[in-house]
Amino acid sequence: MAKATFFYFLFIGYVWPIDSVMFNLAPNTQKCLKEDIQANQLVMGEYEVSDVPGQIIDYVARDTKGHILSQKEHITKGKFSFMSEVYDAYEICFISKVPPHQRGIPQEVSLMTKKGVETKSYEGIGEASKLKPLEVDLKRLEDLSDSIVRDFILMRKREEEMRDTNEKTNSRVLFFSIFSMCCLLGLATWQVLYLRRYFKAKKLIE
């Protein structure tokens with residue numbers, strides 16, 4: 001029983017990841033982190049940057065169309081959140097700004113993000129519904145399973161769309177190839193007939 005409980009909590013820890021990253025941002029540069037996110041998903045994050053006098057770091061979250069979803073200037077430590085409107089690749093960019101008269105040094109940036117089911121507070125849900133810790137974990141796994149099923153459905157839909165696109169492209173390529181061959185055969189026939197009439201006119205052939 002203890003062994004089964006160990007693997008149960010190991011499974012929870014494995015399938016319940018929180019994206020966390022840390023990197024160095026060079027002076028007067030920007031670094032963006034991009035991820036595909038489904039529609040109507042809440043994205044939450046926490047950031048922290050090392051403090052260097054005279055240097056400023058801004059952050060901005062946007063979609064592929066350039067719509068700004070969250071933005072803040074001169075950041076040090078804080079949180080952000082935004083809601084994805086459509087399925088798209090969303091990016092979070094950190095931008096370093098250093099005055100021209102100052103010699104800049106790299107700054108350390110740490111970022112932790114959660115999205116979708118990961119943003120829910122199951123402790124609060126458990127307290128409100130008076131659930132036991134094991135029941136809260138089961139609720140968490142149930143929501144996570146639903147999220148995984150939705151991801152698979154979306155992946156299958158995208159696969160079908162790509163397959164349909166490939167089939168349409170192959171059909172168009174086939175028709176274009178047949179049309180090209182017909183054009184080449186027609187052109188070759190015309191050239192043969194034209195040369196035949198030309199040589200006959202010149203009395204080179206009978």
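Everything quoted here is computed from the prediction, not taken from an experiment.

Draft legend 1. Inspection of the side chain of Asp63 at higher detail. Inspection of the secondary structure assignment puts Asp63 in the loop between β4 (56-62) and β5 (68-72). Look at Asp63: it is buried, it has no salt bridge, and the nearest opposite charge is Lys65 at 6.7 Å. Among the polar contacts listed, one links the side chain of Asp63 to the backbone nitrogen of Gly66, at a separation of 3.1 Å. If we ignore the near neighbours within four places in the chain, the residues touching Asp63 are Asp88, Ala89 and Tyr90.

Draft legend 2. Expanded view of the sheet that holds strand β8 (residues 107-115). Strand order across the open sheet formed by four strands is β1-β8-β3-β6, with antiparallel pairing between neighbours. Each end of this open sheet is capped by a strand with a single partner; those strands are β1 (19-25) and β6 (77-83). Between one strand axis and the next, the sheet turns by 20° as a mean value, whatever way the strands run. In this sheet, β6 lies alongside strand β3 (residues 42-49) in antiparallel orientation, the contact comprising seven bridges. Within β6, the position partnered with Glu48 by the bridge is Lys77.

Draft legend 3. Spotlight on a nonpolar patch on the surface. A cluster of nonpolar side chains, contributed by Leu187, Trp190, Tyr194, Leu195, Tyr198 and Phe199, occupies part of the molecular surface with about 600 Å² of accessible area. Residue classification places Trp190 among the partly exposed positions, given a relative accessible area of 48%.

Draft legend 4. Quick peek at the layout of surface pockets. Taken as a whole, the second largest pocket holds about 230 Å³ of empty space. Listed by contribution, the elements that provide at least two residues to the lining of the second largest pocket are β1, β2 (30-37), β7 (88-97) and β8.

Draft legend 5. Representation of the sheet that holds β2. Reading across the sheet, the four strands line up as β2-β7-β4-β5 and stay open at both edges, with antiparallel pairing between neighbours. If you trace the sheet from one side to the other, it starts and ends with β2 and β5, each paired once. Across the sheet, the axes of successive neighbouring strands diverge by a mean angle of 15°, strand direction being ignored.

Draft legend 6. Quick peek at unusual backbone geometry. Although it is not a glycine, Asn28 sits at a positive phi angle of roughly 55°. Structurally, Asn28 is set in the loop between β1 and β2. Residue classification places Asn28 among the exposed residues on the basis of a relative accessible area of 51%. Here Asn40, not a glycine, exhibits a phi torsion of approximately 60°, which is positive.

Rules of the game
Counting from 1, residues in each chain are numbered in the order their sequence is written. The model is predicted, so local features are restricted to residues of pLDDT at least 70 and side-chain atom pairs to those at 80 or more, both for listing and for counting; the totals for chains, interfaces and linings are taken over all residues. Only hydrogens and water are removed before side-chain values are computed, so all heavy atoms of the structure are retained for them. Here a strand is any run of E in DSSP of at least two residues, a helix any run of H or I of at least four, and the numbering for each starts at the N terminus. The cut-offs for exposure are 20% and 50% of the maximum accessible area for each residue type, with area from a 1.4 Å probe on protein chains only; residues under the lower value are buried, those over the upper are exposed, and the others partly exposed. Within this scheme the basic residues Lys and Arg register as positive and the acidic residues Asp and Glu register as negative, but His and the chain ends are omitted. Any carboxyl oxygen of Asp or Glu that lies within 4 Å of a side-chain nitrogen of Lys or Arg is treated as forming a salt bridge with it. Polar contact is the term for a pair of N or O atoms within 3.5 Å; when the atoms are in protein, one must be able to donate a hydrogen and the other to accept it, and sequence-neighboring residues count only if both atoms are side-chain atoms. Any pair of residues with heavy atoms lying within 4.5 Å of one another is described as a contacting pair. Two strands qualify as a pair provided that DSSP identifies no fewer than 2 bridges between them. Between N-to-C directions, angles cover 0 to 180 degrees, with each direction set by a line fitted to C-alpha atoms, over the stretch in contact for helices. Surface patches are defined over residues having more than 30% relative accessible area and no salt bridge, joining like charges when they lie within 9 Å and nonpolar side chains (Val, Leu, Ile, Met, Phe, Trp, Tyr) when within 5 Å. Here the accessible surface of atoms and residues is derived via Shrake-Rupley with a 1.4 Å probe, and residues count as covered only by protein chains that are part of the display. Points on a 1 Å grid, built from protein atoms alone, make a cavity when a 1.4 Å probe fits but cannot get out and make a pocket when they are open with protein on both sides within 12 Å along at least 5 of 7 lines; residues with an atom within 4 Å of a point are the lining residues. Grid points are joined across faces, edges and corners, and a volume is the space filled by probe spheres set on the points.

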